[in-house]
Amino acid sequence: MIKGMQVFQKSEKVEESKLYNYDPSDGVNTRVSINDSLGYIEFGAKDSFPNFVLDTVDGSHTASSCLETIISFIEGDGFKQESLNTLKVNDKDTFTDVHNGVSQDEGYFEGFYINVRYNPLGKINYISKLPYDSCRLAIPNPETSKVHHIYYNPYFGTGDYKEEETVVFPVYNPNSALFEIKDINEFNDELEEGSEEIKSYKGQVLFVKENRPQNKFYPIPFYWSGFRWFDVERKVGEFHNSNLDNNFFLGGLIKMVGDPNEAFSTALNKDGEEYTTKTVGEAFNEVMEDKMSGSSKGGVTLVTWSDTKGEFPEIEAFPTNANDALFITLQNLAVDNIIISCNTVPLLANVQVSGKLGASQEILNAVALQHGKIKKRQNKLERAYDMIFANSIWADVVDPVKIDPFKFDLLEFGKEEIIEEVIEDKDEAVINK
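Heads up: these notes are all about the structure in this document.

Thresholds, definitions, all that
- Residues numbered from 1 in each chain as written.
- Predicted model: local features only at pLDDT ≥ 70, side-chain atom pairs only at ≥ 80, totals over all residues.
- Heavy atoms only, no water.
- Core = buried A, V, L, I, M, F, W, Y, C linked by side-chain atoms within 4.5 Å.
- Buried < 20%, exposed > 50% of the residue type's maximum accessible area, 1.4 Å probe, protein only.
- Helix = DSSP H or I, 4+ residues; strand = E, 2+ residues; numbered from the N terminus.
- Contact = heavy atoms within 4.5 Å.
- Pairing = 2+ DSSP bridges.
- Axes fitted to C-alpha atoms, helices over the stretch in contact; angles between N-to-C directions.
- Phe/Tyr/Trp six-rings, centres within 6.5 Å; stacked < 30°, edge-to-face > 60°.
- Lys NZ or Arg CZ within 6 Å of the ring centre and 35° of its normal.
- Polar contact = N/O pair within 3.5 Å; in protein donor to acceptor, adjacent residues only side chain to side chain.

Before going further, it helps to examine the nonpolar core. The tendency in soluble globular proteins is for nonpolar side chains to be buried as a group. Residues Y113, I114, I127, Y223, Y385 and F389 are the most contacted members of the largest nonpolar core, which totals 74 residues. Sort the elements by how many residues they give to this core and helix α8 (residues 360–390) lands first, with 9 residues. Filtering out sequence-adjacent residues up to four positions away, I127 remains in contact with V89, N90, V98, I114, N115, V116, I388, F389 and W394. L38, A138, Y151 and F156 belong to the second-largest nonpolar core, a separate cluster that totals 5 residues.

Below you can see the structure in the form of structure tokens.
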């Protein structure tokens, strides 16, 4: 029998801190501040709001599903003008590739940055998307109150940020492109041969955002009003995960009789003196942690030994208000509020709706409703694309851009009869018409 009196405490696991996530003390992280020394407007506490958004969404599977649905509908199913789908707009990407990236940023941030470059005639011959979290707005010009430059650095808001890696782009303005190219050429002409200061023209950046009264500089996504519920869902999952890891020792108190500092095992030193290598308390902890804790130990039986009946260790349940009903209710509340904040149709975000799944008309209605919810955002993308193409080398071959609506595949629900019902519904609608 292991003798001793000690409350077993499972050794705490060291949590690895996220390098780029910042949990602000004010719980919001949306404020902006002017960085006079660097020349741009910081976005959020520690200039990390975009990173904080991505971390927070990733921590909630419901929010991730809702955002994925929104992005799929914004992206659509290609373009009505089929040649646009394969149009090469830079060395690596087709216009579809650029559009898919823009749709991602629009879905997560309600804004996007597009880099364009010009040929010697002042026509756009290069289109690329810049990552939203890597861009910041320059401090507005005090005379015009307008932002004239975009700052790009792949490490904004992270511990790896270095000022020298920042690239400054002029904002989108086709009328100034040739002057900018001329200035760079004149600068390079004045350099000595072989100089490392030679500059290359990197083009301009178009910044498009969702305008709301509270968003003076950067857009705050509409769904951000529910970010605390994102965190609730994450923490509920962490709680259950912790329960599995702690297993037997969750909410339990074991009372042992004896001295935890009593020697359990000993050895002799070089002088022949006996010393303790392990105490009773340490041995007890090892046994309980190695043999009893962890999600794989759910079927293990705890066996206690004693010389007499009265010396058995006393095991008591620890008072707790954590119960299944509470967490089921909390999980349901979190899911409902996340769906509301994301403005997503539940059926299309893999959220079960009682009595709805399998009703073909309900699915069709859900798809139509979601199309209506994101049409305004698709229009924003189409207007930006039209503006760029109107002053590009592709102007004569590109019609006004129209995004094909996302075609929701009913086979995702795994029911052939739904497909048949939809076909029958359409045939009946044609007959009635």
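Right, let's talk about the sheet that holds strand β4 (residues 124–130) for a bit. Pairing in this open sheet of 3 strands is antiparallel, and the strands run β4-β3-β8 from one edge to the other. The sheet is open, and its two edges are formed by β4 and β8 (204–209), each paired on a single side. Neighbour-to-neighbour, the strand axes of the sheet open up by a mean angle of 25°, direction not taken into account. Two elements, strand β3 (residues 111–118) and β8, share 6 bridges in a ladder whose sense is antiparallel. Along β8, the bridge assignment pairs N115 with V205.

Summed over the entire model, instances satisfying the criterion amount to 18 aromatic pairs. Plain terms: the ring middles of F156 and Y161 are 5.6 Å apart, the flat faces sit at 20° to each other, and that makes the pair stacked. Taking the relative accessible area as the measure of exposure, F156 reaches 1% and is therefore buried. Both rings, one in W224 and one in F227, keep their centres 4.6 Å apart while their planes meet at 5°; by these two values the pair is stacked. Note on W224: relative accessible area 5%, which makes it buried. With relative accessibility at 9%, the residue F227 sits in the buried group. Here a set of aromatic residues connected by ring pairs shows up, and it is made of F43, F49, F52, Y218, W224 and F227. A cation over an aromatic ring shows up here: R117 above the ring of Y126, its NZ or CZ 4.1 Å from the ring centre. The side chain of K199 reaches across the aromatic face of F187, ending 4.4 Å from its centre.

Looking now at the side chain of N391. Along the chain, N391 turns up in the loop between α8 and α9 (416–432). Of the polar contacts made by the side chain of N391, one reaches the side chain of K123; its length is 3.5 Å. Sequence-distant contacts of N391, defined by excluding residues within four places in its chain, comprise Y118, G122, K123, I124 and P174.

So, to be careful, I would describe these as geometric facts and stop short of saying anything about function.
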